[in-house]
Structures are given as structure tokens and as C-alpha cells.
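A closer look at the structure
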Amino acid sequence: MKRLVILGGGESGVGTAILAKKENFDVFLSDRGLIKEKYKQLLEEHGIVYEEGQHTEELILNADEVMKSPGIPKKAELIQKLEEKGVSIVSEIEFASRYTDAKIIAITGSNGKTTTTSLMYHILKQAGLNVELGGNIGKSFAKSVAEDNFDYYVLEVSSFQLDDIKTSFKPYVAILLNITPDHLDQYNYQFDLYAQSKFRITMNQDENDYFIYNLDDPKTMEMIDQITIRSIRKPFTMMDAAQDAYANNELFTVNETNGDFSMNVNELGLIGKHNVSNSLAAAVAAKIINIHNEKLKASLSDFKSVEHRLEPVLTIGGIDFINDSKATNVNATYFALESMTKPVVWIVGGTDKGNNYNEVLPFVKKKVKAIVCLGVDNQKIIDFFSPYIDTIVETNTMKDCVEQSYKLASKGETVLLSPACASFDLFKGYEDRGDQFKENVRKL
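Notes on the structure follow. (Residues numbered from 1 in each chain as written. Predicted model: local features only at pLDDT ≥ 70, side-chain atom pairs only at ≥ 80, totals over all residues. Heavy atoms only, no water.)

1. With respect to unusual backbone geometry
The condition is simple: Numbered from the N terminus, helices here are DSSP runs of H or I no shorter than four residues, and strands are runs of E no shorter than two. Classification of residues uses two cut-offs on accessible area relative to the type maximum, computed with a 1.4 Å probe and protein chains only: under 20% is buried, over 50% is exposed, and between them is partly exposed.
We note that Asn24 has phi near 65°; this positive angle belongs to a residue other than glycine. For Asn24, the location among the structural elements is in the loop between helix H1 (11-22) and strand E2 (26-31). Since its relative accessible area comes to 56%, Asn24 is described here as exposed. In the Ramachandran plot, Leu310 falls in the positive-phi region, its phi being about 45° despite a non-glycine side chain. Within the secondary structure, Leu310 sits in the loop between helix H12 (293-302) and strand E15 (311-316). The exposure class assigned to Leu310 is buried, which follows from its relative accessible area of 10%.

What follows is the structure, encoded as C-alpha cells:
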């Protein structure tokens, strides 16, 4: 009996444990933190041995294979020890792929992947396909493979999950939206290493599979010829009208052998130039899967944005409050600021991931009237923006932050929470940060 050790007792860890147990592995799950009650119940129901609050090395280092949660850094001492012993370390998406014949549509990118994954799922679901949502969002992919029988999976996959695929994870359609600097602390601060991780989405594809990528993304285009890609390439663009998948500010077209598709950009459910690009990627995939044009158009039109991603909260006294808490890097905030049409009071800050704010400076100069910092250490933000913005306020609770922002904004302006940073200095995660923002806005 092969021994599978699972590191991390969250959604992906517990899902993998359930699937491994079903496939007759000797399963042991270990979490250095505390495991949520709902997950403990599941582990006990399935008779899975687990520990929390520690990693007992002798119970882990004897594994035949290890599934590590994407949140555990590669540099962790325990991971190093496993690698020295030659133990195979895989991600949930790799493990689960071995046990399903369903077609996988996998989506990665530094920004827009949650929105695009949710949109893709919406399109296939509305078209009546037997489809499930998973990966970084929705239900654990492994748990679904153990318990359900879907024909299609739409998966949001991160670079950390892709780092730990071996030979099984083989998407029928792989979508790479963009590559901008993110999580560089986990890649020795080397942008190329992070970019190579993203391209691993194509690693096991063959000539019957499809790779959808963004012709307008400089890093993707710089790397694409350095990587062996066997699948059928399907680029999309907002710059080159000669391409099969093209959108400008007015029109949106996808030309495919199984029929052409077009619609007006102003009919799309999502706002912002970056979302036109994301919708285009999803439309290319939908055409590959033979979704009828009427169904595709309806789904692209009635899809609403994801929670915590440019989510309108309330308008109070003529001031719009927008929750973009999911913007945990500078490039995500770039897109948020790009889509703003009114003067902005910008809430920024949190745990810095090696941020370079030069990218957003043109928008800040043009659109931002005041900055409200929300973090334990805001010095880098203050030092960078103080030559350009006269009003910069520091806060370290959401209540104070929302109240200060409200005072600084006037009728016809926008308060935008788009932090460009991780949230772990003050919050449990970006969802907690976004929820607290919405709660405090409602109390104004």
C-alpha cells in the first residue's frame, strides 16, 4: 500500500485525502496550524489519520509521495528534507488528474484568473454542460473527482500548483492570461522563473489540446519561443485586427472553423479593458468546445463580476465605494485604476511582496486625489507617492480607513480599495479585508 502524506489541512489537502483514501492509499494528513472544524469532521468521517499544530517528521519522511498545499513555500525545511530523500512532491491538481477522464479547462495568469475562470464556468453551465468549478476557487478538484462524475472541469490554477505537476495534469484547453511580477519572493526574485512556472500549464499537452494566450502580454511573448509547446496555439489580442480572436473598444470577434462569433463590447457583462481581454480568452475556449453563439453571447452579457474584484459596494452622498480587495499585487491595481472614470481616494497597503509602484504612477498622477494607507508598515508607499500626492493618511484599522476615506472624498468621486499588497498583516485574507471594508461602508 503506497503511503501518501498530505501537508496542509485546508480545502485542497482534505479533498486529496478523501480521493487518496478511496484509491486505497495509506493516507496521513499533517497541518502545522489548526485545522478548521468542518475539515476535521470530514477527515474523521473518512477514517483519515491526521495531526494538527505540528509536523511529526518520522510520520512524514517515510512517505512514498507527498501532496503539499500550494501555500507551503518550496524553501520550507521539511520540503527540502523530502527533496533530499527523493520523495515525489505533487500538487492537488496533479494527483486528482490521475483519476478522471473529464476534459479540463485550466486558467492561469497573474491577474484576472478568478474572473475568467468564473466566467468560463458560467458559459459552460449556461450551455447545459455537465461541468464543475475548482482549483483555487470553488470546491476541491480532488474531492469532486472522488465523489462526482463531471464531463468538464474549469480550474483556476496558480504558479505554485503548476510547480508541483509531473506527468498527469493535462488540460484539454489551457489559458494563460498574462504574466506580471507576483510572488517573486518564492522564485528567488527572478521573473523568468515565475514566468516558466506559468508556462508549465502546457507541459503535458499534446497536439489534440489547445493553448490560448495573450498576444499583447510582453512577458508571454518573450518566453513563448523558449518553451516547447505541442498543443494548438490560439492567440487573442486587442492590438492586431488580423488575428482570429480580436477586440477593440467597440467590437469583439472570434473566428473559428466551426463558425464566427461577434458582439459589441458594450454588451459585455464585465467592465474595464482588461476584462474585455479576459472575456475574449473565455470566448476562444467556448468556441473550441462548440458552444452555440446565442448561448455564448447570452453568458458573456449576463455575467457579473466576482466578489472582491472591482465590486461596487454602495454609493453614499454621491461617493462610489468599490471593493477590489483581491488586488494583491501592483498589476491588479493597475487594471483597477485604469478602469476608474472619476477622481479617486485610493486605499492601498498591506504586506509588500517586493512591489514596484512605478507601473501605476501615471494613473495615480492623473486620477488619484488622496491616498489612505491601510497597513502595519506604510513607509514604502508614503516615500514613493509623497512627491506626487499631497494628501496621504495612515490607518491601521478598517473602520478608521473607511471613515478617513469618506471624509476625503466628495460627491462625484470614488473610494477605491485596491491594496496592491497581501492582507496578512491586519486580516485573515483578502476576503476578510473586503468583507470588513463592505461592512464598514454600510455603517457610514
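That was the structure; now back to the text.
2. Thoughts on the sheet that holds E15
Applied cut-off: A pair of strands is labelled paired if DSSP reports no fewer than 2 bridges between them. Fitting a line to C-alpha atoms yields each axis, with helices limited to the stretch in contact; the angle taken between N-to-C directions then spans 0 to 180 degrees. A contact between two residues is defined here by any heavy atoms of the two lying within 4.5 Å.
Reading across from one edge, E15-E16-E20-E17-E18-E19 is the order of the 6 strands in this open sheet, with mixed pairing throughout. The outermost strands of the open sheet, each flanked by one partner alone, are E15 and strand E19 (391-395). In this sheet, adjacent strand axes meet at a mean angle of 20° when their direction is disregarded. The sheet contacts of helix H17 (residues 430-442) involve E15, strand E16 (319-323), strand E17 (344-348) and strand E20 (414-417), and relative to E15 the element is tilted by about 15°.

3. Topic: helix H16 (residues 398-408)
In plain terms, the rule: This arc corresponds to the set of directions leading from the helix axis out to the C-beta atoms.
Residues Met398, Cys401, Val402 and Ser405 constitute the buried set of H16. Taken around the axis of H16, the buried residues stretch over an arc of 95°, which confines them to a single face. Residues Lys399 and Lys407 are exposed on H16 and point more than 90 degrees away from its buried face. Buried residues along H16 sit in contact with E17, strand E18 (368-374), E19, E20 and H17.

4. A word on the environment of His274
For His274, the location among the structural elements is in helix H11 (residues 273-288). The buried category is assigned to His274, whose relative accessible area is 11%. Along the sequence, His274 and Ala336 sit 62 residues apart, while their C-alpha atoms lie 9.1 Å from each other. For His274, the contacting residues outside a window of four places in its chain are Leu310, Phe335, Glu338 and Ser339.

All quantities given are derived from atomic positions and should not be read as evidence of function.
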